[in-house]
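Structural overview for review
Residues per chain, in single letters:
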Amino acid sequence: MVFLTFNDAPGGIYQSQVIDTCRFWEDTFHEKVHLIAFISGRGFMANRSKIKASYHNSTVLPMYPGIANWEKNMFLLSVAVMLLKKENVIARGVFATLLARDSEKFGKVCFDARGAYTAEWTEYLKNEAPAIANEMTKMESRAVLQSNSRIAVSQKLVDYWKTSFKYMALSHSVIPCTLGAHVRTTYDAANATSLRKQLGIADTDILLAYSGSSAGWQSFKVLDETITKAFTQNPSLKLLMLCKPGAEKSLAQKFPGRVIQQWLAEDQVQNYLQAADYGLLLRENSVTNQVSSPVKFAEYLAAGLPVLISEHIGDYSAFVQQHNCGSLANAVDFTSLKRPSAEAKQHNQSLAEQYFLKKNYTEQYKKLF
C-alpha cells in the first residue's frame, strides 16, 4: 500500500493525519505502507529529514516549483515507484489523486478528501494560483468520480459531492480527522491547576481557548466579534490564544490583561487546553467550513472542553447538540457562563475516545484496504 501526499509540509497536522495514520495501518493490518511525500523545495532538506525521522518507510521528493505546475511531477513519481509492484494507493487531496491516476503506475486509487477543494480555492486560495482556481471544479470532479474509492472527512462532504458532481456511488467511508497518537484523553487536574496559576488565571476566571492558525478559513473576524460580545457581557472571561505571536494583537489591545498568547510545541498544546474551560471553534459560514472536519474539535473534547461552535461547521455543529458537549456560539448567554464540572469534562473525553481515535474506524479502513 502507498500513501501519497502532495504539498503538505511536516507539522502537527501532518504528524497526526499522515504519519500516525501510516503507523496505525501497519500495526492494525500488518501491511507494509510506503509513504511518498512531495514537498516544497523551500527548506526541502530540513523537512525531508523531519518526515524520514518520523516514519521509516518514506520517500520524500521535491515538488516542481509552482502549484500550477503540479502535472510536471508525474515523471518523478513514475521514477519513485519504478521498483514497486503495482500497489494500491491512498492519495491525500486532489493533486495527489490525479497524479496517482494519470501516472497509471498504481492498482486502485483511493481519493482521501480533506475538504471541498473547489470551494476552498474559490473562497480562500484564488489569489495564490488563479489558473488552478479556474480549473479546480474539473479537477475535483475527476478525483471524486474517477477514483476507485474515497475517504470523506464528513457526511456533509459526501452531500457536497452529490450536489456538485452528481456523485451517486457508495464506495466511500466517512472518517473524521482523528486524534494524534500523542493526545491524551485523561484529565490531569493537578497539572491544569498549576498551569492556570502560571498563566495568572484565578479560580473564579472562565478561560476560553482558541487553538489554530491565522489562515483565512479560521475566520478571525468572527472570533473578534464573539469575544468582544462575550467580554463585554462577562468580566470573568479570559482568552487563551494558542497561535503565533501577533494574531492576538487586536483583542489584546481592546481588552488589556484578558488575552494570553502562547506558541507551543505540539506535545504541549494538550496540557494548556486542559487548563482552559471552553474551546472555541468559530468560523464564517462558507462552503469550505460547512464540509470541514477541524481536528481542533477532537482535541478540545480530548482535553475535556465543551466546545462553543459556530453553526454549519461540518458534522460537528449538530454533534455538539446531539451529544451535549458544548453549545452553538450564537446561542450562548455569556453573562451566565460557568466553569464546566469534572463530570462534564469526563463526558467530553469519553466522546473523544468513542468518536475520534483511529481504532474506532478500523472497519472503514478495512473496507478501503
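In every chain, residue numbers begin from 1 and rise along the written sequence. Per-residue local features of the predicted model are confined to residues with pLDDT of at least 70, and side-chain atom pairs are confined, for both listing and counting, to 80 or more; whole-chain, interface and lining totals are unaffected and use all residues. Only hydrogens and water are set aside when side-chain values are computed; all heavy atoms of the structure are taken into account.

This next bit is on the pattern of salt bridges. Just to be clear on terms, a salt bridge is a Lys or Arg side-chain nitrogen sitting within 4 Å of an Asp or Glu carboxyl oxygen. This structure, assessed with the given rule, holds nine salt bridges. For the salt bridge of aspartate 20 with arginine 23, the shortest nitrogen-to-oxygen distance reads 3.8 Å. Here aspartate 20 pairs with arginine 23, and both are found in helix α1 (residues 12-29), just three residues apart, close to one helical turn. As a salt-bridge pair, aspartate 224 and lysine 254 come within 2.9 Å of each other at their nearest N and O atoms. Here lysine 254 lies in helix α10 (residues 249-254) and aspartate 224 lies in helix α9 (residues 220-233), a separation of 30 residues in the sequence. Note on classification: 1.4 Å probe, protein chains only; a residue is buried when its accessible area is under 20% of the maximum for its type, exposed when over 50%, partly exposed between these limits. On the basis of relative accessibility, which here comes to 38%, the residue lysine 254 falls in the partly exposed class. Three or more residues are tied together by salt bridges with common partners; here these are Arg196, Asp277 and Arg339. Working definition: helices are DSSP H or I runs of at least four residues, strands are E runs of at least two. Numbering for both runs from the N terminus.

Every angle, taken between N-to-C directions, lies between 0 and 180 degrees, and every axis is a line fitted to C-alpha atoms, over only the stretch in contact when it is a helix. Contact geometry for helix α11 (residues 266-274) and helix α13 (residues 295-302): axes closest at 9 Å, N-to-C directions at 55°. As judged from the angle between their axes, α11 and α13 are oblique. The chirality of how α11 crosses α13 is right-handed. Contacts between α11 and α13 involve Glu266, Gln270 and Leu273 from the former and Glu299, Tyr300 and Ala302 from the latter. Charged means Asp, Glu, Lys or Arg here, nonpolar means Ala, Val, Leu, Ile, Met, Phe, Trp, Tyr, Cys or Pro, and polar covers whatever is left, Gly included. Tallied by class, the residues present in the contact of α11 with α13 amount to three nonpolar, one polar and two charged. Here roughly perpendicular refers to angles of 65 to 115 degrees, roughly parallel to angles under 35, roughly antiparallel to angles over 145, and oblique to all remaining angles. Crossings are assigned a handedness: left-handed for a near helix turned anticlockwise from the far helix by less than a right angle, right-handed for a clockwise turn. Throughout, a contact is declared for two residues whenever any of their heavy atoms are within 4.5 Å.

Strand order in this open sheet of seven strands is β3-β2-β1-β4-β5-β6-β7, and the pairing throughout is parallel. If you trace the sheet from one side to the other, it starts and ends with β3 (58-62) and β7 (172-174), each paired once. On average, each strand axis in the sheet is tilted by 15° relative to the strand beside it, whichever way the strands run. Sheet analysis places strand β5 (residues 109-113) next to strand β6 (residues 149-152), joined by four bridges and oriented parallel. What sits directly across from aspartate 112, in β6, is isoleucine 151. Together, β5, β6 and β7 form the strand contacts of helix α7 (residues 155-165), whose direction differs from that of β6 by roughly 130°. Here a strand pair is declared whenever DSSP counts at least two bridges between the two strands.

Geometrically, a pair of aromatic rings is defined through the distance of the ring centres and the angle of the planes. Classification of ring pairs rests on two measures: the distance between centres of Phe, Tyr or Trp rings, Trp counted by its six-membered ring, which must be within 6.5 Å, and the angle between planes, read as stacked under 30 degrees, edge-to-face over 60 and tilted in between. For the coordinates displayed, the defined rule picks out 19 aromatic pairs. In textbook terms, an aromatic cluster arises when at least three aromatic residues are bridged by ring pairs, as seen for Phe6, Phe38, Trp70, Phe95 and Trp121.

What follows is about a nonpolar patch on the surface. Note that patches include only residues with greater than 30% relative accessible area and no salt bridge, and the join distances are 9 Å for like charges and 5 Å for nonpolar side chains (Val, Leu, Ile, Met, Phe, Trp, Tyr). In these tables, accessible area is a Shrake-Rupley quantity obtained with a 1.4 Å probe, and a residue counts as shielded only by the protein chains included in the view. On the surface, a nonpolar cluster with roughly 520 Å² of combined accessible area is contributed by Phe75, Val79, Met82 and Leu83. Note on placement: phenylalanine 75 falls in helix α3 (residues 74-80).

Grouped burial of nonpolar side chains is what soluble globular proteins tend to show. Put simply, buried Ala, Val, Leu, Ile, Met, Phe, Trp, Tyr and Cys residues joined by side-chain atoms within 4.5 Å make one nonpolar core. Counting 47 residues, the largest nonpolar core has Phe6, Phe95, Trp121, Leu157 and Trp161 as its most contacted members. For phenylalanine 6, the residues in contact, after removing those within four places along its chain, are Phe38, Met63, Ile67, Trp70, Asn73, Arg92, Phe95, Ala96 and Leu99. Counting 34 residues, the second largest nonpolar core, distinct from the first, contains Ile201, Leu207, Tyr316 and Leu351.

On to the side chain of glutamine 274. Relative to the assigned elements, glutamine 274 resides in helix α11. Reaching out from glutamine 274, the side chain makes a polar contact with the backbone nitrogen of aspartate 188 at a distance of 3.0 Å. Glutamine 274 has contacts with Arg184, Thr186, Tyr187, Asp188, Ala192, Ala303, Lys345 and Gln349, leaving out every residue within four places of it along the chain. A 3.5 Å cut-off defines polar contacts: any pair of N or O atoms within that distance qualifies, except that in protein one atom must be a possible hydrogen donor and the other a possible acceptor, and neighbouring residues in sequence count only when both atoms are side-chain atoms.

As defined by bridge partners, strand β2 (residues 34-39) adjoins β3 across five bridges and the pair is classed as parallel. When the bridges of β3 are listed, isoleucine 39 appears paired with proline 62. After leaving β2, the chain enters helix α2 (residues 44-54) and then returns to the sheet as β3, a path that is right-handed. A clockwise path from the first strand over the helix to the second, with the strands pointing away from the viewer, defines a right-handed crossover.

If you check the backbone angles, asparagine 7 has positive phi at about 65° while not being a glycine. You can see asparagine 7 is positioned in the loop between β1 (2-6) and α1. A relative accessible area of 39% places asparagine 7 in the partly exposed class. With phi around 55°, glutamate 104 is a residue other than glycine that occupies positive phi space. Note on placement: glutamate 104 falls in the loop between α4 (93-103) and β5.

Glancing now at the environment of lysine 52. With respect to the element layout, lysine 52 can be found in helix α2. In this structure lysine 52 comes out as partly exposed when scored by relative accessible area, which is 32%. On a C-alpha basis, the gap between lysine 52 and aspartate 159 in space is 37 Å, while along the polypeptide they are 107 residues apart. When sequence neighbours within four positions are dropped, the list of residues in contact with lysine 52 reads Ser58 and Val60.

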